[in-house]
Amino acid sequence: KMLEKTSHRGKDSRCIEEFKSKKNKFNVFLGHNRLSIFDTSDAGKQPFTSINKRFTIIFNGEIYNYKELKNQLINKEGITFRTNCDTEVFLELWSIYGHKCLKKIHGMYSYCILDKEKESLFVGRDPFGIKPLWFYNDKNHYQFCSELKPLLWLRKDGISNCLTQEGLNSYLLLGYVPHTIEFFKGYKQILPGYLYEFNQKGFSKRSISFKEISKPSLNKIKKEINLATQSDVSLGCFLSGGTDSSV
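A short tour of the structure in this document, coming up. (Residues numbered from 1 in each chain as written. Predicted model: local features only at pLDDT ≥ 70, side-chain atom pairs only at ≥ 80, totals over all residues. Heavy atoms only, no water.)

### Structural notes on the overall build of the protein chain
Next, step 1: If you tally the helices and strands in the protein chain, you get 7 helices and 11 strands.
Next, step 2: Put simply, the protein chain has 247 residues, and 43% of those count as buried.
Next, step 3: In the protein chain, of all internal contacts separated by at least 6 residues, the share reaching a separation of at least 24 is 54%.
Next, step 4: Of the roughly 15,000 Å² of accessible surface on the protein chain, 51% is carried by carbon and sulfur atoms. (Helix = DSSP H or I, 4+ residues; strand = E, 2+ residues; numbered from the N terminus. Buried < 20%, exposed > 50% of the residue type's maximum accessible area, 1.4 Å probe, protein only. Contact = heavy atoms within 4.5 Å. Areas by Shrake-Rupley, 256 points an atom, 1.4 Å probe, with all protein chains shown as cover.)

So, in structure tokens, the structure goes:
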């Protein structure tokens, strides 16, 4: 049902995978609506599992430098890739380097990675929070989604009694609700640039240090545009009149 509620986010495929622990009550359901950007074949369907079968990912976004990272994994680690997707490159990087691989990645993204051996779920967003990701702790389980509406739909008692005054004030004053403020009680955004780990004991989060933004130049801007416009499908350009479009 949640995938149906977010079907507009990806029309190319819809898949679900379930993991049930044999040791305890750590059970995970991962679902994904795919919008194909790189490798439009069925090989890139998500949830996607690593070569060693230990990790499974659902991923939203783009890794701009994935070709460079893919070549490094082929030449240094001997990885044989099954797809031309940036998702697989990210997952194999994680399989080797763990969360330290985030410092190598350049892009906009949100992700959930299931570690079946450790029985943990790792969740995060890019340092600027370009791609959205929400979660809710329902005492017995955690819920995640790229949009808030499907999470609210799961509530049996409606949403009228969970609207927060602080969230409403922020929305009326600023026109939006900051990452750190709850609009609906208990519904939080995964903080940009943070790594969350969920397991049987609960969850923890840590800030990931990323490279500082260097002084811009025309050559760097051209390089970034070339990286951001890689695609296996047709591209479009939307000019909003903001700072990025003016550049």
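### Points about the packing of helix α2 (residues 66-77) against helix α3 (residues 86-97)
Next, step 1: In the contact formed by α2 and α3, the axes pass within 10 Å of each other and the chain directions differ by 45 degrees. In terms of orientation, α2 lies oblique with respect to α3. For the pair α2 and α3, the crossing hand works out as left-handed. Contact residues: Tyr66, Leu69, Lys70, Leu73 and Glu77 in α2; Asp86, Val89, Glu92, Leu93, Ile96 and Tyr97 in α3.
Next, step 2: By residue class, the composition of the contact of α2 with α3 is 7 nonpolar, no polar and 4 charged. (Axes fitted to C-alpha atoms, helices over the stretch in contact; angles between N-to-C directions. Parallel < 35°, antiparallel > 145°, perpendicular 65-115°, else oblique. Left-handed = near helix turned anticlockwise from the far one by under 90°. Nonpolar A, V, L, I, M, F, W, Y, C, P; charged D, E, K, R; others polar.)

### Looking at the nonpolar core
Next, step 1: By size, the foremost hydrophobic cluster in this structure holds 25 residues, and its most contacted members are Ile57, Phe90, Trp94, Ile105, Tyr111 and Ile113.
Next, step 2: Discounting chain neighbours no more than four positions away, the residues touching isoleucine 113 are Phe55, Thr56, Ile57, Phe90, Leu91, Trp94, Ser120, Leu121 and Phe122. (Core = buried A, V, L, I, M, F, W, Y, C linked by side-chain atoms within 4.5 Å.)

### Focus on the pairing of strand β10 (residues 194-199)
Next, step 1: Judged from the 4 bridges that link them, strand β6 (residues 120-125) and β10 form a sheet pairing that is antiparallel. Along β10, the bridge assignment pairs glycine 124 with leucine 195.
Next, step 2: For β10 and strand β11 (residues 202-207), the ladder comprises 6 bridges, and the chain directions are antiparallel. Its bridge partner being in β11, asparagine 199 is matched across the sheet by glycine 202.
Next, step 3: Hairpin connection, β10 to β11: the antiparallel pair is bridged by 2 residues. (Pairing = 2+ DSSP bridges.)

### Section: a nonpolar patch on the surface
Next, step 1: A cluster of nonpolar side chains, Leu173, Leu174 and Tyr176, forms an exposed patch at the surface whose accessible area comes to about 370 Å².
Next, step 2: Mapped onto the elements of the fold, tyrosine 176 is located in the loop between α5 (165-174) and β9 (187-189).
Next, step 3: Residue tyrosine 176 is classed as partly exposed on the basis of its relative accessible area, which comes to 48%. (Patch = residues over 30% accessible without salt bridge, like charges linked within 9 Å, V, L, I, M, F, W, Y side chains within 5 Å. Salt bridge = Lys/Arg side-chain N within 4 Å of Asp/Glu carboxyl O.)

### Some thoughts on the pairing of strand β4 (residues 55-63)
Next, step 1: Most of β4 is tucked away: 7 of the 9 residues are buried.
Next, step 2: Across 2 bridges, strand β3 (residues 48-49) lies against β4 in antiparallel orientation. Among the inter-strand pairings, threonine 49 is bridged to a residue of β4, identified as threonine 56.

### Thoughts on the packing of aromatic side chains
One pair of aromatic rings is described through two measures. These are the centre distance and the angle between the planes.
Next, step 1: This model, assessed by the stated rule, comprises 21 aromatic pairs.
Next, step 2: Ring centres of phenylalanine 90 and tryptophan 94 lie 6.5 Å apart, and the angle between their planes is 80 degrees; on these two criteria the pair is classed as edge-to-face. One end of the pair, phenylalanine 90, and the other, tryptophan 94, are both in helix α3, 4 residues apart, so they sit about a helical turn from each other. Here the two residues phenylalanine 90 and tryptophan 94 agree in accessibility, since each one is buried.
Next, step 3: An aromatic cluster is defined as three or more aromatic residues linked by ring pairs; in this entry it consists of Phe59, Phe90, Trp94, Tyr109, Tyr111 and Phe122. (Phe/Tyr/Trp six-rings, centres within 6.5 Å; stacked < 30°, edge-to-face > 60°.)

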